[in-house]
Amino acid sequence: MLRTYRRTYTRRVTSPLRAVPASIPRPEYVGKEAPTPFTGREVKDADTIERMRVAGRLAAQARDLVGAHVAPGVTTDELDRIGHEFLCDHGAYPSTLGYRGFPKSLCASVNEVVCHGIPGERVVEDGDIVNIDVTAYLHGVHGDTNATFLAGAVDEESRLLVERTREALERGIRAVKPGRRINVIGRVIESYAARFGYGVVREFTGHGIGTSFHSGLVVPHYDDPDHDTLIEVGMTFTIEPMLNLGTHEWDLADDGWTVTTRDRRRSAQFEHTLLVTPAGAEVLTLP
């Protein structure tokens, strides 16, 4: 459960909602205040898994395309346009657009923004780090992924944060084995992050995914004994650690979405959608 937060500032949205061709199927939550609660199984059938491979691959391609445009001088709204048009051109719906009222087709989180940054007028500057979080809804399933990109000449402390956050994700993925409990993932990530004194964000987690954008499965990035779901072959979920240079604590902006580190130090994040296999985990969000 999210704890009480204090409000800080408002991030202005500078462009209207982007149009999606009528021929592209929408997730069921579009136009609603909230999605229908998930009632299916976390273990997916072969057909759903194959569709998720396709959606995940497309999401990864969108992530990398947008990331290639992260450079000093670009606005985060322009990055949103690039991702939106790519997904629509390939017959996919941008899952974030209209999800619980989110107004954009991806999240662009710069520097001190932990997650859920709303693209807008913010101009990327030399030395910034920018997380791009993209989800594709295609053939009735979602593929969710994100990565943090460097803009220009980034200082060594920030570069190492990004590099180590990527490694934290990889270690979390390697921890996935059938028969283990889901909290082994957070135990591995938190232990690695502690070597460097990084804060590990707790309230925003990985999640089950498939025909639902977010199912009821919670994947913490810290050692949480209360989340001990058994990992089973055929389960699909995300791992998406958020590591901060300073405190793990955060604030929420008046826009209701933008999460920033409380001490305003930088944060990095990486995410993949995974399938549990007999041998471990298959990454579904590779290009």
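Worth saying up front: this structure is predicted, and the values here are computed from it rather than measured.

Colleague: Could you give an account of the pattern of salt bridges, with specific residues and numbers?
Modeller: Per the stated rule, a full pass over the model turns up 22 salt bridges. The partner of Arg 18 in a salt bridge is Asp 80, and the shortest N-O contact between them spans 2.6 Å. Taken together, the positions of Arg 18 in the segment before helix 1 (46–68) and Asp 80 in helix 2 (residues 76–89) put the pair 62 residues apart, joining distant regions of the chain. Relative accessible area serves as the criterion here: at 0%, Asp 80 is assigned to the buried category. Residue Asp 251 is joined to Arg 262 by a salt bridge in which the shortest nitrogen-to-oxygen separation is 3.0 Å. A residue pair is termed long-range when its members are at least 10 positions apart, and Asp 251 in strand 11 (residues 250–252) and Arg 262 in the loop between strand 12 (259–261) and strand 13 (267–269) qualify at 11 residues. For Asp 251, a relative accessible area of 0% translates into the label buried. Here Arg 262 falls in the partly exposed class, since its relative accessible area comes to 25%. A single network of salt bridges, built from pairs that share partners, joins Arg 18, Asp 77, Asp 80 and Lys 104.

Colleague: Describe the packing of aromatic side chains, listing the residues and the values that go with them.
Modeller: Counting across every chain of the model gives seven aromatic pairs. Between Tyr 29 and Phe 213, the ring centres sit 6.4 Å apart and the planes meet at 25°, which makes this aromatic pair stacked. Taken together, the positions of Tyr 29 in the segment before helix 1 and Phe 213 in the loop between strand 7 (206–207) and strand 8 (218–219) put the pair 184 residues apart, joining distant regions of the chain. Residue Tyr 29 is classed as buried on the basis of its relative accessible area of 3%. Relative to Trp 257, the ring of Phe 102 lies with its centre 5.1 Å away and its plane at 85°, an arrangement referred to as edge-to-face.

Colleague: I'd love a proper account of the sheet that holds strand 15 (residues 280–283), names of residues and values included.
Modeller: Hydrogen bonds between backbone atoms are what pair the strands of a sheet, whose relative direction is either parallel or antiparallel. The sheet built from three strands is open, its strands ordered 9-14-15 with antiparallel pairing. The strands lining the two open edges of the sheet, one partner per strand, are strand 9 (236–239) and strand 15. With strand direction ignored, the average angle separating the axes of adjacent strands in the sheet is 45°. Contacting strand 9, strand 14 (272–277) and strand 15, helix 1 runs over the sheet at an angle of about 150° to strand 14.

Colleague: Now, about the side chain of His 207: what can you tell me, with residues and values included?
Modeller: Inspection of the secondary structure assignment puts His 207 in strand 7. At a separation of 3.5 Å, a polar atom in the side chain of His 207 contacts the side chain of His 214. Apart from the residues within four sequence positions on either side, His 207 is in contact with Asp 144, Phe 213, His 214, Leu 217, Val 219, Phe 237, Thr 238, Glu 240 and Glu 271.

Colleague: Kindly report on the environment of Arg 266, identifying the contributing residues and their values.
Modeller: Checked against the element boundaries, Arg 266 lands in the loop between strand 12 and strand 13. What makes Arg 266 buried here is its relative accessible area of 18%. Measuring from C-alpha to C-alpha, the distance between Arg 266 and Pro 25 comes to 37 Å, with 241 residues separating the pair along the chain. A distance of 3.4 Å separates a polar atom in the side chain of Arg 266 from a polar atom in the side chain of Asn 111.

Colleague: Describe the pairing of strand 15, with residues and values.
Modeller: With four bridges connecting them, strand 14 and strand 15 associate as antiparallel partners. When the bridges of strand 15 are listed, Leu 274 appears paired with Val 283. Taken together, strand 14 and the strand that follows it, strand 15, pair antiparallel across an intervening segment of two residues.

What counts and how
- Residues numbered from 1 in each chain as written.
- Predicted model: local features only at pLDDT ≥ 70, side-chain atom pairs only at ≥ 80, totals over all residues.
- Heavy atoms only, no water.
- Salt bridge = Lys/Arg side-chain N within 4 Å of Asp/Glu carboxyl O.
- Helix = DSSP H or I, 4+ residues; strand = E, 2+ residues; numbered from the N terminus.
- Buried < 20%, exposed > 50% of the residue type's maximum accessible area, 1.4 Å probe, protein only.
- Phe/Tyr/Trp six-rings, centres within 6.5 Å; stacked < 30°, edge-to-face > 60°.
- Pairing = 2+ DSSP bridges.
- Axes fitted to C-alpha atoms, helices over the stretch in contact; angles between N-to-C directions.
- Contact = heavy atoms within 4.5 Å.
- Polar contact = N/O pair within 3.5 Å; in protein donor to acceptor, adjacent residues only side chain to side chain.

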